[in-house]
Amino acid sequence: DWAPDGSRLLVMVNRWSLSPSGRTESWEIAWLSLATGEVRVIKSLDWHVLHRAARVSPDGRYIAFTAEPRADSADRYLFVMDADGRDEHAVVAS
């Protein structure tokens, strides 16, 4: 999703690795600077399962995403956080 000023792109990064104990996986939400190519991770979701791409609010102040609140949960929550990754809140559960 694009930042309102067009300078950055909000991206999802899926990281996984294999080890003798099995596969580990995590998701990160990051800003990609179009000017420099720098990727700045703003949220690591080690125990979340991300269900949809994160979206930026029209004013650029907030990011929303849906995810499972815990690895052992079948519930899905809508989370909202500041655009810098701070102040995350679950606002809706299903």
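Residues numbered from 1 in each chain as written. Predicted model: local features only at pLDDT ≥ 70, side-chain atom pairs only at ≥ 80, totals over all residues. Heavy atoms only, no water.

Participant: So what's going on with the pattern of salt bridges? Which residues, and what values?
Facilitator: Tallied over the entire structure, the rule returns two salt bridges. Ionic pairing is found between Glu88 and Lys43, a salt bridge with its closest N-O pair at 2.7 Å. Separated by 45 residues along the polypeptide, Glu88 in the loop between strand E6 (77–82) and strand E7 (89–93) and Lys43 in strand E3 (residues 39–45) bring together distant segments of the chain. The residue Asp84 makes a salt bridge to Arg86 at a minimum N-O spacing of 2.6 Å. (Salt bridge = Lys/Arg side-chain N within 4 Å of Asp/Glu carboxyl O. Helix = DSSP H or I, 4+ residues; strand = E, 2+ residues; numbered from the N terminus.)

Participant: Lay out the sheet that holds E3 with the relevant residues and their values.
Facilitator: Ordered by their spatial adjacency, three strands build an open sheet running E1-E2-E3, and the pairing between neighbours is antiparallel. Each of the sheet's edge strands pairs with one partner strand only, and the pair in question is strand E1 (8–19) and E3. Direction aside, neighbouring strands of the sheet carry axes that sit 30° apart on average. Summarising the sheet, E1 and strand E2 (residues 22–33) pair through twelve bridges and their orientation is antiparallel. Each bridged residue has a counterpart across the sheet, and for Leu9 the counterpart in E2 is Leu32. (Pairing = 2+ DSSP bridges. Axes fitted to C-alpha atoms, helices over the stretch in contact; angles between N-to-C directions.)

Participant: Summarise the pairing of strand E5 (residues 62–67); cite the residues concerned and give the values.
Facilitator: Side-chain alternation along E5 places Ile63, Phe65 and Ala67 on a buried face and Tyr62, Ala64 and Thr66 on a face that remains uncovered. As consecutive antiparallel partners, strand E4 (residues 55–56) and E5 are separated by five residues, and within that stretch Gly60 has a phi angle of approximately 80°, a positive value. (Buried < 20%, exposed > 50% of the residue type's maximum accessible area, 1.4 Å probe, protein only.)

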